[in-house]
Amino acid sequence: MQTRLNLDPVLVREARALAARAGQPIVDMARTHTTVSIERAVLRLAGLQGADGDGMPWVNRLVDAVRDTVGLEHGVALPAWEALLASDFADLAALAEAAAHGKVAFRAPAGGDAAAARAAASASLAAGIGRIDSNRTQRQRLIGETAEPPKPWIYLIVATGDIYEDIPQAQAAAREGADIIAVIRSTGQSLLDYVPEGATREGYAGTYATQENFRLMRAALDDVSRELGRYVRLTNYASGLCMPEIAALAGLERLDMMLNDCMYGIIFRDINPRRTFIDQRFSRQIHARAGIIINTGEDNYLTTADAVDAAHTVVVSQLLNEYFAKEAGLTDGQLGLGHAFEINPQVPDSFLLELAHAQLVRELFPDAPLKYMPPTKHMTGNVFAGYLLDAFFNLCGVMTDQSILLIGMMTEGIHTPFLADRDLALENVRYVRDAAGRLGESFVPAPGGFIQRRGHEVLGESVALLRRISAEGLLTAIADGTFGITKRPADGGRGLDGVIARADGYFNPASDILENPGAIG
Amino acid sequence: MTSHLVRPYGDTTGDGRVQVSFTLPVPFGTATARARAEGAALQLAAKMGLDPAMVVHAKGMGPDYTFFIVYGRVSHLVDVAQVTVTEREFPLLSAAEVNLRIRAALGRKLVVVGACIGTDAHTVGIDAILNVKGHAGEKGLEYYREIRVVNLGSQVAVPDLVTRATAERADAVLVSQVVTQRDAHVANARQLAAAFAPAGRNRPLLVVGGPRFDPTMAASLGVDKIFGKGTTPSEVASYLVHALAREGVAA
């Protein structure tokens, strides 16, 4: 990739160092705490599925029962497997059912029991993580049998609420040219403190993320990938109160990309900051293992804040996302950092500003599969003007070598896309890609010209903001409304009651494997 | 009333020219299929009152669907005099005027409690109206010195909203609804009105907003005011002053 902005490498290094300084205390907090969702994810990775008659998953029942009796500060694994070994329950589901009825006396194990429980739990988790490993191998095999599509990958959304309607729509979208299918979740699933079970046919503005829905959609996309001779990726959303569990399910069902932002839930869903950061680290360790590309949500900042004034908050968030991601074991190739084309088209030189912002992100993260989001805020209902704006977005995307283009719909903000809207949107991106796909090689901003100056300006503002954040602390900065204008205090929002400080001797057999990549496989 | 008759205008007065686009679930593969598809599009155009009509673009989308763009002439006349519109019943005020009116009429800050209710997690609407940052170049209600804003955020249960509005002594409750599947926005607005009904005349002003609401439906939903797509913070602030801080009305 060529350098177009002539950024100061010293300033870029300083930006990364500041992001690390701001992020380190958060990582320390995540290392010393667990959450109900992390403990439930451990049980999911050990194969515990299903729900009681009210639809409450057994993982919730079992974790709640352990929490109510011996607490979770030692983790769920030791008490659960100790109870399993000490009795004649057939499996974790039977144990969970009995525990839900108060029929299991959990205790914090010690001595020989603890060693046996540890061994049994570790064996179960090795099997679950082994399944994630074999899914990763299977993905590579399928890409080999079909083909890796050229970048930019075209990202399309389906969201009917009914998985059985989503499947034909997703297959049709793939046939029309989509490289990535994202199944938007039902509105508000991010605020549920459990993951629904089974295939679902009812959702609000989206389809529930469930293990069975994941499995059904991945199987359908495998079929269409073979038909098209091109591997079609599947995306879902991990952010929310169940980030670790949904990450586990994504790994178990071979999803390919996951929305996983370090601050999205905090800012936009009012989820407690501590809960989010602790959950996020574990979820990203699973994504790292599964070979999943994460997508971060910086585009959202520009829907509440002004895209010019707040351009540097996007860069700051990307640098924080990068720090947290790498600390959790993700590689550059797994960092689908997000940004968006959201500048008011009435602003003079708006396209030049978009080029500068997009190029800045490209140069700061040269090896990351950047995800570029189309205009939404300034799509007015004038579908003709909107189609033009989407074409400029596509042009900016190809000129600045963006990796993943979410395809803009000219009917954005009017209705969920009609079949024809999607077809026209794909015609738009195909035209731009075919007509100008190689324009990047000749796109050389004038030295010291408007685009270079704007790139330097945003980087400078980013470093200034990172200095402030690393001095006052990230949690304080979030409480002050630094991102997306919204103020989110560290002890506010949903889910703080699900955060538990780890005791000495805390045992998490999943973390033991995930943090020691050589442990199995 | 004098009628005022017009037709759509293409490039000549009275030419009646319009453009429509639509998709039919018909294939566009073989020559016969194409002719049949275009004929079907023209049949629909005729039933819509386009005569003559011309298919200017037809494109197959996958094996089973065809997209059409059709131009045609409609003979229908529209009587502009028969159109009824809801005129804005209050003047638009500047932030300074809003603050002045609140001080004069209430002698204290005007309290607004805002939320997205039900399962709706899309706070973009309520945030655009309430956040300092605002929307469409206007600052939000938090910017008004004489308005105290309590933004409860997303997915607030209606009973919790009632409790909080009472505790805050809210003058007005603002609710935003973006999700409209199965008319959830209408059901939620009714639920809101019902929950505040026991307070009778002492209830706060109920204001609902969202892109898919019909602004004329306030009375039938039991709320005081509905704002549609494109509403700006100053319109909301001006309405609140109109309803709650009229000149000479002490509250």
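In this convention, every chain numbers its residues from 1, walking through the sequence in written order. Note on labels: chains are lettered from A, ligands numbered from 1, in written order. Residues qualify for local features only when their pLDDT is at least 70, as the model is predicted, and side-chain atom pairs are given and counted only at 80 or more; totals for whole chains, interfaces and linings, by contrast, use all residues. Just so you know, side-chain values use all the structure's heavy atoms and leave hydrogens and water out.

Once that is clear, we can look at the overall build of chain A. Only DSSP runs of H or I with at least four residues qualify as helices, and only runs of E with at least two residues qualify as strands; both kinds are numbered from the N terminus onward. Assigned secondary structure in chain A consists of 19 helices and 11 strands. In terms of overall dimensions, chain A is globule-like: its C-alpha atoms have a radius of gyration of 23 Å, near the 24 Å expected for 521 residues. For chain A, the spread of C-alpha atoms along the three principal axes comes to 70 × 55 × 40 Å. Relative to its full complement of 521 residues, chain A shows a buried share of 61%. Summarising the internal contacts of chain A: among those between residues at least 6 apart in sequence, 77% fall at separations of at least 24. The Shrake-Rupley method, run with a 1.4 Å probe sphere, supplies the accessible areas, and residue values consider only the shown protein chains as cover. Surface exposure of chain A reaches about 18,300 Å², of which carbon and sulfur atoms provide 52%. The positive count covers Lys and Arg only, the negative count covers Asp and Glu only, and His and the chain ends enter neither. One atom stands in for each charge, and that atom is NZ of Lys, CZ of Arg, CG of Asp or CD of Glu. Distance from the positive charge centre (48 side chains) to the negative charge centre (64 side chains) of chain A: 3 Å. All radius of gyration figures rest on C-alpha atoms, and the globule criterion is 2.2 Å times the number of residues raised to 0.38. The buried label goes to any residue with under 20% of its type's maximum accessible area, the exposed label to any with over 50%, and the partly exposed label to all in between, with areas taken from a 1.4 Å probe on protein chains only. Contacts are assigned to residue pairs with any non-hydrogen atoms lying within 4.5 Å of each other.

Our next topic: empty space enclosed by the protein. Residue and element names in this part refer to chain A. For cavity detection a 1 Å grid was placed over the protein atoms alone, and a set of points counts as a cavity when a 1.4 Å probe fits there but cannot get out; an open set counts as a pocket when protein lies on both sides within 12 Å along at least five of seven lines, with lining residues being those that have an atom within 4 Å of a point. Grid points are joined across faces, edges and corners, and a volume is the space filled by probe spheres set on the points. Enumeration according to the criterion identifies five cavities of 30 Å³ or more in this entry. Approximately 120 Å³ is the volume found for the largest cavity. Lining the largest cavity are 16 residues, with Leu302, Val314, His339, Ala340 and His357 positioned closest to its centre. Counting only elements with at least two residues in the lining of the largest cavity, the list comes to α13 (311-327), β8 (338-340) and α14 (350-364).

Quick look at unusual backbone geometry now. Following A:Lys151, the chain continues to A:Pro152 via a peptide bond in cis, the omega torsion being 5°. The step from B:Asp51 to B:Pro52 runs through a cis peptide bond, and the omega angle for that step is 0°. The topology assignment puts B:Pro52 in strand β3 (residues 50-61). You will see that A:Arg254, though not glycine, has its phi angle at about 55°, which is positive. In this structure, A:Arg254 sits in the loop between α9 (243-252) and β5 (257-259). A positive phi angle is found at B:Arg169, which is not glycine, with a value near 50°. On the secondary structure map, B:Arg169 appears in the loop between α4 (158-167) and β8 (172-176). On the basis of relative accessible area, B:Arg169 is assigned to the exposed category, the value being 70%.

To form a nonpolar core, buried Ala, Val, Leu, Ile, Met, Phe, Trp, Tyr and Cys residues must be joined to one another through side-chain atoms within 4.5 Å. Among the nonpolar cores identified, the biggest contains 147 residues, and A:Leu62, A:Trp81, A:Met263, A:Phe277, A:Leu474 and A:Phe483 are the most heavily contacted of them. Not counting the four nearest positions on each side in its chain, A:Leu62 is found in contact with A:Leu43, A:Leu48, A:Ala80, A:Leu92, A:Leu95, A:Ala96, A:Ala99 and A:Phe106. With 28 residues, the next largest nonpolar core counts B:Leu93, B:Leu130, B:Phe227 and B:Leu240 among its residues.

This brings us to the layout of surface pockets. Volume-wise, the second largest pocket comes out at about 430 Å³. In this structure, the second largest pocket is lined by 17 residues; those nearest its centre are A:Met410, A:Asp421, A:Leu424, B:Ser21 and B:Phe67. Secondary-structure elements contributing two or more residues to the lining of the second largest pocket are α15 (383-399) and α16 (419-436) of chain A together with β2 (17-24) and β4 (65-74) of chain B. As a working rule, the residues Ala, Val, Leu, Ile, Met, Phe, Trp, Tyr, Cys and Pro are called nonpolar, Asp, Glu, Lys and Arg charged, and the rest polar, with Gly in that last group. Grouping the constituent residues of the lining of the second largest pocket by class yields 11 nonpolar, five polar and one charged.

Here, a salt bridge means any side-chain nitrogen of Lys or Arg that lies within 4 Å of a carboxyl oxygen of Asp or Glu. For the structure shown, the criterion picks out 36 salt bridges over all chains. Note that A:Glu457 is salt-bridged to A:Arg454, the shortest N-O span being 2.8 Å. Remark: A:Arg454 and A:Glu457 occur in helix α17 (residues 450-472); sequence separation between them is three residues, near one turn of the helix. Owing to a relative accessible area of 7%, A:Arg454 belongs among the buried residues under this scheme. Its salt-bridge partner being B:Asp224, residue B:Arg203 comes within 2.7 Å of it at the nearest N-O pair. Taken together, the residues B:Arg203 in the loop between α5 (184-196) and β9 (205-209) and B:Asp224 in the loop between α6 (218-221) and β10 (225-227) connect sequence positions 21 residues apart. Judged by its relative accessible area of 31%, B:Asp224 is partly exposed. A cluster of three or more residues bridged by salt bridges with shared partners is formed by A:Arg40, A:Arg44, A:Asp193, A:Glu197, A:Glu245, A:Arg275 and A:Asp279.

Looking now at the sheet that holds strand β10 (residues 404-406) of chain A. All names here are of chain A. The strand order across the open sheet formed by nine strands is β7-β6-β5-β4-β3-β2-β10-β9-β8, and the pairing between neighbours is parallel. The open sheet has two edge strands, β7 (335-336) and β8, and neither has a second partner. Pairing geometry for strand β4 (residues 233-237) and β5, over three bridges, is parallel. Across the sheet, tyrosine 237 pairs through a bridge with leucine 259, a residue of β5. Here the rule is simple: two strands pair whenever DSSP picks up at least two bridges between them.

Attention shifts here to the confidence of the model for chain B. Values of pLDDT, which run from 0 to 100, indicate the predictor's confidence residue by residue. Confidence in the prediction of chain B, expressed as mean pLDDT, is 88, and 92% of residues score 70 or more. As a predicted assembly, this complex carries a pTM of 0.85 together with an ipTM value of 0.84.

What follows deals with the pairing of β3(B). Residue and element names in this part refer to chain B. Direction of pairing for β3 relative to β4: antiparallel, over a ladder of nine bridges. Across the sheet, the residue bridging to methionine 54 is tyrosine 71, located in β4. Following β3, the chain reverses through three residues before pairing antiparallel with β4; glycine 62 in that reversal takes a positive phi of roughly 70°.

Another aspect to go through is the side chain of A:Asp256. All names here are of chain A. Inspection of the secondary structure puts aspartate 256 in the loop between α9 and β5. Residue classification places aspartate 256 among the buried residues on the basis of a relative accessible area of 1%. We define a polar contact as two N or O atoms separated by no more than 3.5 Å, with the added condition that, inside protein, one atom must be a possible hydrogen donor and the other a possible acceptor, whereas residues neighbouring each other in sequence contribute only through side-chain atom pairs. One polar contact links the side chain of aspartate 256 to the main-chain amide nitrogen of leucine 234, over a distance of 2.8 Å. If sequence neighbours within four positions are ignored, aspartate 256 has contacts with Arg139, Arg218, Tyr231, Val232, Arg233, Leu234, Gly291, Ile292 and Ile293.

Attention now goes to the sheet that holds β10(B). Residues and elements named next belong to chain B. Here five strands make up an open sheet; going across it, the order is β7-β6-β8-β9-β10 and the pairing parallel. Each of the sheet's edge strands pairs with one partner strand only, and the pair in question is β7 (147-151) and β10. Strand after strand, the sheet turns through a mean of 20° between neighbouring axes, direction not considered. Strand direction decides the pairing type here: strand β6 (residues 110-116) and β7, joined by five bridges, are parallel. By the bridge assignment, glycine 114 is partnered in β7 with asparagine 151. Whenever a helix is involved, its axis is fitted only over the stretch in contact; in every case the axis is a line through C-alpha atoms, and angles between N-to-C directions fall within 0 to 180 degrees.

Turning our eyes to something else, we now look at a nonpolar patch on the surface. Residue and element names in this part refer to chain B. On the surface, Val6, Val78, Val80, Val83 and Val85 cluster together into a nonpolar patch covering about 380 Å² of accessible area. Topologically, valine 85 is positioned in the loop between β5 (78-79) and α2 (95-106). Classification of valine 85 as exposed rests on a relative accessible area of 60%. Exposure above 30% relative accessible area and the lack of any salt bridge qualify a residue for a patch; like charges then connect within 9 Å, and the nonpolar side chains Val, Leu, Ile, Met, Phe, Trp and Tyr within 5 Å.

What follows deals with helix α8 (residues 211-228) of chain A. All names here are of chain A. Given a rise of 1.5 Å per residue, 18 residues ought to cover 26 Å, and the 26 Å separating the end C-alpha atoms of α8 matches this to within 8%. When we look at burial in α8, the residues that qualify are Gln211, Asn213, Phe214, Leu216, Met217, Arg218, Ala220, Leu221, Asp222, Val224 and Ser225. Of the residues trailing α8, glycine 229 is marked for its positive phi of about 65°. Under the convention used throughout, the expected extent of a helix is 1.5 Å for every residue step, that is, one less than its residue count.

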